[in-house]
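# Residue-level structural notes
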Amino acid sequence: MKAIVIESDKSLSWQEQPEPPLGADQVAIAVRTTAVNRADLMQRAGLYPPPPGASEILGLECAGEIKAVGTSVSQWQVGDRVCALLAGGGYAETVVCHADHVLPIPAGFDFIQATALPEVFATAWMNLFMLAELQPGQKAILHAGASGVGTAAIQLCKAQGNPVFVTVGDQAKLDSCMALGADGGHVRTEGDFETAVKEWAGKTGVAAILDPVGGNYLEQNIRCLDTDGSLVIIGLMGGRTGSLDLGRLLVKRIRVIGSTLRSRSDAAKAAVIAQMREQVWPRFEQGILKPIVHSTFPIDQASQAFDLVASNQTTGKVILELPS
Ligand SMILES: NC(=O)c1ccc[n+]([C@@H]2O[C@H](COP(=O)([O-])OP(=O)(O)OC[C@H]3O[C@@H](n4cnc5c(N)ncnc54)[C@H](OP(=O)(O)O)[C@@H]3O)[C@@H](O)[C@H]2O)c1
């Protein structure tokens, strides 16, 4: 099979690689589309190695057709059109993954639309509704609101009845987030977000914050949280250290949760996928939720796609298409 390989000079090349072996509880997928995630950019740079046992090949999600099933797999058949959450290996003609990390392509969706779903909707769902336990009506802040994860989270919050406030890089992104269902927002280049949040949420603050920024947002985040609120840190784009007022944390019974999806156990990921199938997937077919695709590149132009994502100019997902 062909796959993207990271060369010693960090360039990406589409070249022959060995097929991955198929385990008893796995399926093999003939990949038609995959996507660019920030984790792929970090892995390419040598800053984010794959978890133990995962493929060294980039790619955290894909859509395609099942081409083989392991001996203990009964829920999938050869030829099924699926998308999947991967620990790695998506930038290849064939990927293997646990059968419980696979979802059917929603009716009416093509491979490009389906690839835009697993990683960002699973991340948003798990962190906001499973870990932060956001209840209907409670308010949330989503930093990087126009990101792949942010655009999924806005839609999920709207569908669940949670008003959301976003932070973004420019006014056009803020307009896109409002059109998707955000109720308030702030352009991060125009100063601190805390004042704007307090005007929007009132003095009590919000119940949850989904934060891929980290360090330089920590103090403001804590001040924006209501009693019993949760700060879920999913990325460190703004640095890994910050100052934390433990007094405020204690008195307001605030939870700070560090969270990664990729390194979780197969069982934990299967639990997220099962909830997605039950509570999120029907809403794609009802038209309540939709994939947000910024652009699509042929996979042999992965490097240009990575540059676009790194430029912070995207709203939603950047997809890579394999030759058919
Ligand atoms: N922990 C997990 O399991 C998990 C899973 C998936 C993703 N993530 C993380 O979630 C984040 C979003 O991922 P994605 O793939 O959806 O990203 P994406 O679509 O590439 O969007 C990322 C956006 O973050 C904003 N940004 C960049 N640098 C920033 C900074 N220093 N401070 C504030 N905002 C900044 C930019 O938008 P603006 O210019 O509009 O602000 C950028 O477009 C990433 O940090 C990713 O690593 C974590």
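Residues numbered from 1 in each chain as written. Predicted model: local features only at pLDDT ≥ 70, side-chain atom pairs only at ≥ 80, totals over all residues. Heavy atoms only, no water.

The parallel open sheet is built from six strands, whose spatial order is S10-S9-S8-S11-S12-S13. The open sheet is flanked by strand S10 (184-187) and strand S13 (255-258), the only strands paired with a single partner. Within the sheet, the average angular offset between the axes of one strand and its neighbour, ignoring direction, is 15°. In the sheet, strand S8 (residues 140-143) pairs with strand S11 (residues 206-211) via three bridges, with the strands oriented parallel. Note on S11: the bridge partner recorded for Ile141 is Ile209. With respect to the sheet, helix H6 (residues 194-201) is in contact with S8, strand S9 (164-168), S10 and S11, its orientation differing from that of S9 by roughly 160°. (Pairing = 2+ DSSP bridges. Helix = DSSP H or I, 4+ residues; strand = E, 2+ residues; numbered from the N terminus. Axes fitted to C-alpha atoms, helices over the stretch in contact; angles between N-to-C directions. Contact = heavy atoms within 4.5 Å.)

With that settled, the discussion passes to the domain arrangement of the protein chain. When its domains are assigned, the protein chain resolves into domain 1 (2-117 + 264-321) and domain 2 (120-258). Here the C-alpha centre of domain 2 lies 26 Å away from the C-alpha centre of domain 1. Together, the buried faces of domain 1 and domain 2 total about 1800 Å²; carbon and sulfur atoms form 63% of this surface. Taken together, domain 1 and domain 2 are joined by zero salt bridges. Our count for the domain 1 to domain 2 interface comes out at seven residue pairs in polar contact (both at pLDDT 80 or more). Ranked by the residues each element gives to the side of domain 1 that touches domain 2, the list is headed by helix H9 (residues 266-285), at eight residues. (Domains from an automatic or database assignment. Buried area = accessible area lost by both parts, 1.4 Å probe. Salt bridge = Lys/Arg side-chain N within 4 Å of Asp/Glu carboxyl O. Polar contact = N/O pair within 3.5 Å; in protein donor to acceptor, adjacent residues only side chain to side chain.)

Here we come to the site of the ligand. Close to the ligand lie 23 residues; Arg38, Gly169, Arg188, Ser259 and Leu261 are nearest. In this structure, Gly148 approaches the ligand through a main-chain N or O atom, which is 2.9 Å from an oxygen atom. Lys173 is positioned such that a nitrogen or oxygen atom in its side chain is 2.9 Å from an oxygen atom of the ligand. Contributions of two or more residues to the shell around the ligand are made by helix H3 (118-131) and helix H4 (148-160). The class makeup of the residues in the shell around the ligand is ten nonpolar, nine polar and four charged. There are two domains that each give the shell around the ligand at least three residues, and those are domain 1 (2-117 + 264-321) and domain 2 (120-258). (Near = heavy atom within 4 Å. Nonpolar A, V, L, I, M, F, W, Y, C, P; charged D, E, K, R; others polar.)

Moving on, we come to H3. Most of H3 sits out of view: twelve of its 14 residues are buried. Those residues of H3 that fall on the buried side of the exposure criterion are Pro118, Glu119, Val120, Phe121, Ala122, Thr123, Ala124, Trp125, Met126, Asn127, Leu128 and Phe129. One or two residues past the end of H3 sits Glu133, with phi positive at roughly 55°. (Buried < 20%, exposed > 50% of the residue type's maximum accessible area, 1.4 Å probe, protein only.)

On to the pattern of salt bridges, then. One pass over the full model with this rule turns up seven salt bridges. Where Arg223 meets Glu194, a salt bridge forms, and the shortest distance between an N and an O atom there is 2.9 Å. Remark: Glu194 occurs in helix H6 and Arg223 occurs in helix H7 (residues 218-224); sequence separation between them is 29 residues. The partly exposed category is assigned to Arg223, whose relative accessible area is 28%. As a salt-bridge pair, Asp228 and Arg253 come within 2.9 Å of each other at their nearest N and O atoms. In this pair, Asp228 is assigned in strand S12 (residues 225-233) and Arg253 in the loop between helix H8 (246-251) and S13, connecting sequence segments 25 residues apart. Within this structure, Glu194, Lys198 and Arg223 form a network of salt bridges that share partners.

Glancing now at unusual backbone geometry. Of note in the backbone geometry, Lys10 takes a positive phi value of approximately 75° without being a glycine. Its place among the elements puts Lys10 in the loop between strand S1 (2-6) and strand S2 (12-16). A relative accessible area of 38% places Lys10 in the partly exposed class. Of note in the backbone geometry, Glu133 takes a positive phi value of approximately 55° without being a glycine.

Okay, the packing of aromatic side chains next. Taken as a whole, this structure holds seven aromatic pairs when the rule is applied. On the basis of an interplanar angle of 85° and a centroid distance of 5.0 Å, the ring pair of Phe121 and Phe284 is categorised as edge-to-face. Of this pair, Phe121 sits in helix H3 while Phe284 sits in helix H9, and the two are 163 residues apart along the sequence. For the pair Trp125 and Phe129, a centre-to-centre distance of 4.9 Å together with 40° between the ring planes defines the contact as tilted. Placement of the pair is Trp125 and Phe129 together in helix H3, with a separation of four residues, close to one helical turn. Both residues of the pair, Trp125 and Phe129, belong to the buried class. Here the aromatic residues Phe109, Phe121, Trp281 and Phe284 are joined through ring pairs into a cluster of three or more. We note Arg81 situated over the ring of Phe111; from NZ or CZ to the ring centre the distance is 4.7 Å. (Phe/Tyr/Trp six-rings, centres within 6.5 Å; stacked < 30°, edge-to-face > 60°. Lys NZ or Arg CZ within 6 Å of the ring centre and 35° of its normal.)

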